[in-house]
Amino acid sequence: MAKIDELEVAVQNGKSKIAAQLAQEALDEGSKASDILDAMVRAMGVVGDKFSAGEIFVPEMLVAAKAMKKGMVVIDPYLKGADAQSLGKCIIGTVKGDLHDIGKNLVSTMIGAAGFDMIDLGVDVPIEKFQEAIDANPDVKVVALSALLTTTMQSMADTAEALKPYREKYGFKMMVGGAPITQAFADEIGADGYSVDAGAAAVLAKDLATA
Ligand code: B1M
């Protein structure tokens with residue numbers, strides 16, 4: 001079995017101790033970092049489906065996430081381009097109540113690779129923390145909100161609402177994304193943009209900052 005396939009199975013099964021080594025071996029075998037990423041994302045999809053079906057529970061999701069993170073550390077430098085041009089600052093975070101960070105981290109990596117200086121506030125970020133970060137970085141160009149749960153979409157809406165006066169004051173653009181988020185929802189909460197995945201998020205951030 002190719003190392004990339006072994007890695008996919010390892011992530012599905014939460015084998016975090018061997019994930020980094022397998023990711024490195026997959027690279028050494030000639031797999032592209034983007035294909036390795038796709039394999040790990042596929043694995044997380046399977047994990048999610050098994051969770052939905054009641055075949056596995058939160059601890060299994062957690063170890064799978066840990067395994068993917070170990071693999072990400074290895075491929076991260078290969079995903080980042082050598083783009084030296086700075087497009088300014090981007091503040092990113094997963095909204096309050098939501099602990100999912102793998103997708104947000106990936107989006108942060110790709111927006112950073114597009115040329116932004118990333119200020120990552122982490123997960124479960126309360127509105128005040130976004131506001132403080134914006135006040136401390138008045139030249140911020142883009143604020144990016146991530147949510148993975150249908151239950152935290154409201155939290156995203158509340159954050160967007162609370163940031164409206166900040167957007168007027170400082171002139172930054174706000175973009176949103178995450179599995180349950182749609183263009184219609186983004187429009188509803190008044191975001192400047194929505195993107196479906198990390199690659200599209202990088203393009204969008206660049207478009208918003210240079211518009
Ligand atoms: Co959770 N979880 N989880 N979970 N978890 C999901 C999201 C779920 C779909 C699983 C399922 O039921 N099939 C489900 C949500 C259902 C729903 O809301 N409709 C779910 C649930 C229910 C829960 C709990 C409530 C479970 C419980 O406790 N009963 C709980 C909630 C905790 C909380 O947040 N308060 C919970 C907990 C967890 C863990 C902590 C165990 C763990 C997260 C660990 C971590 O992130 N450090 C976890 C995991 C791993 C998942 C799944 C299996 C994988 C998520 C992931 O990392 N995907 C997930 C099922 C799934 O996704 N299929 C699931 C890979 C990642 C690369 O994709 O995050 O979608 P994703 O990011 C993509 C896009 O969404 C987009 O680009 C990314 C890259 O392409 N994107 C953006 C994301 N943010 C963006 C921002 C942008 C633009 C694009 O612009 C700003």
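Please refer to the structure higher up on the page.
For clarity, every value in this text was computed on a predicted model and none was experimentally measured.

There is one protein donor for the cobalt atom of the ligand, and it is H100 (NE2), at 2.2 Å. By the secondary structure assignment, H100 is in the loop between β1 (88-94) and α5 (102-113).

On to the packing of helix α1 (residues 3-12) against helix α4 (residues 58-79). Relative to each other, α1 and α4 sit at 145 degrees, their axes nearing to 7 Å. Only A64, A67 and M68 of α4 make contact with α1, whose side of the interface consists of A10, V11 and Q12. Considered class by class, the residues forming the contact of α1 with α4 number 5 nonpolar, 1 polar and no charged.

Tracing the sequence through the fold places G103 in helix α5. Taking relative accessible area as the criterion, G103 reaches 36% and is therefore assigned partly exposed. Placed 62 residues apart in sequence, G103 and V41 show a C-alpha to C-alpha distance of 9.3 Å.

Lining the immediate environment of the ligand, one finds 37 residues, of which S52, L99, H100, D101 and S146 sit closest. Between the ligand and H100, the relevant distance is 2.8 Å, taken from a nitrogen atom to a side-chain nitrogen or oxygen of the residue. Measuring from an oxygen atom of the ligand, one finds a backbone N or O atom of T150 at 2.8 Å. Looking at the shell around the ligand, the elements with two or more residues in it are α3 (33-52), α4, α5, β3 (140-146), β4 (173-177) and α9 (198-210). Grouping the amino acids of the shell around the ligand by side-chain chemistry returns 22 nonpolar, 11 polar and 4 charged. When residues of the shell around the ligand are assigned to domains, at least three fall in each of domain 1 (3-81) and domain 2 (88-210).

The rules behind these values
Residues numbered from 1 in each chain as written. Predicted model: local features only at pLDDT ≥ 70, side-chain atom pairs only at ≥ 80, totals over all residues. Heavy atoms only, no water. Donors = N, O, S within 2.8 Å, 3.2 Å for Na, K, Ca; no water. Helix = DSSP H or I, 4+ residues; strand = E, 2+ residues; numbered from the N terminus. Axes fitted to C-alpha atoms, helices over the stretch in contact; angles between N-to-C directions. Contact = heavy atoms within 4.5 Å. Nonpolar A, V, L, I, M, F, W, Y, C, P; charged D, E, K, R; others polar. Buried < 20%, exposed > 50% of the residue type's maximum accessible area, 1.4 Å probe, protein only. Near = heavy atom within 4 Å. Polar contact = N/O pair within 3.5 Å; in protein donor to acceptor, adjacent residues only side chain to side chain. Domains from an automatic or database assignment.

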